[in-house]
Amino acid sequence: GKGGNADAITSPGTAKNVVTVGAKGRVAAEIQAFRGLLLGLFFITVGMTIDLGMLAQQAVSVLSVVAGVIVIKFVTLAGAARLFGLRAGSAARVGLLLAEGGEFAFVLVALAGAAGVLAQDSAQFFTLVIALSMVATPGLAALGHLAERRANTAGAEIERLEEETRDLSGHVLVLGYGRVGRLVS
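The rules behind the values
Residues numbered from 1 in each chain as written. Predicted model: local features only at pLDDT ≥ 70, side-chain atom pairs only at ≥ 80, totals over all residues. Heavy atoms only, no water. Core = buried A, V, L, I, M, F, W, Y, C linked by side-chain atoms within 4.5 Å. Buried < 20%, exposed > 50% of the residue type's maximum accessible area, 1.4 Å probe, protein only. Helix = DSSP H or I, 4+ residues; strand = E, 2+ residues; numbered from the N terminus. Contact = heavy atoms within 4.5 Å. Phe/Tyr/Trp six-rings, centres within 6.5 Å; stacked < 30°, edge-to-face > 60°. Axes fitted to C-alpha atoms, helices over the stretch in contact; angles between N-to-C directions. Left-handed = near helix turned anticlockwise from the far one by under 90°. 1 Å grid on protein atoms, 1.4 Å probe; cavity = no way out; pocket = protein on both sides within 12 Å on 5 of 7 lines; lining within 4 Å. Points joined across faces, edges and corners; volume = space filled by probe spheres on them. Nonpolar A, V, L, I, M, F, W, Y, C, P; charged D, E, K, R; others polar.

Draft legend 1. Focus on the nonpolar core. Membership of the largest hydrophobic core is limited to ten residues, which are M54, V62, V66, I70, L96, A99, F125, L128, V129 and L140. Secondary-structure elements contributing two or more residues to this core are α4 (59-83) and α7 (120-135). Setting aside anything within four residues of it in sequence, one finds L140 in contact with I70, L96 and A99.

Encoded structure:
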């Protein structure tokens, strides 16, 4: 029609696409510019609240709880990943990648401390635990990648052997060719 672009914008399917793509793209671009800055500010703020003296005084307790959080989350997440059909190696990788405490845990601990639900010492302890579990993430990610690669390599070898031997039936494998092996074969 006479409207040119107005016709394209007013037609139902096109209007939806123009608005959706345009708005999402603009919003994403605007947010992306501040995302790194805001994440950095968040972690600096959290870092300023961490009491490293507590780590020195309660190292065994803190590290034990960190290990416990990682193990419990790993077992839970890897188990869930297996239930959803991931192979063992991939499930292990998912479990290890997500085993650390998350950013939302910092928020929950801070709110619980501010509301008096957690004592300040407990809030500080859990903040330290969450931070240390997050510090372990690169190592856990590398371990997960290694576990996945090894499991997939072993799995691929087993699948290859199953494929090669699928047609075999009525065969016997004789190990050793001593007196008894010669007699049996």
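Draft legend 2. How the structure looks around the packing of aromatic side chains. Under the definition given, this model contains one aromatic pair. Between F125 and F126, the ring centres sit 5.6 Å apart and the planes meet at 85°, which makes this aromatic pair edge-to-face.

Draft legend 3. Focus on the packing of α4 against helix α5 (residues 88-97). As a packed pair, α4 and α5 sit with axes 8 Å apart at the nearest point and diverge in direction by 140°. Relative to α5, the crossing made by α4 is right-handed. Of the residues in α5, those touching α4 at F74, L77, A78, A81 and R82 are A88, A91, A92, G95 and L96.

Draft legend 4. Up close: the layout of surface pockets. In this structure, the largest pocket spans a volume of roughly 270 Å³. Along its surface, the largest pocket is lined by 14 residues, and T49, F106, V109, A110 and T127 are the ones closest to its centre. Elements with a contribution of two residues or more to the lining of the largest pocket: α2 (12-49), α6 (103-114) and α7. Tallying contributions element by element places α6 first for the lining of the largest pocket, with six residues. Broken down by class, the residue content of the lining of the largest pocket amounts to eight nonpolar, six polar and no charged.

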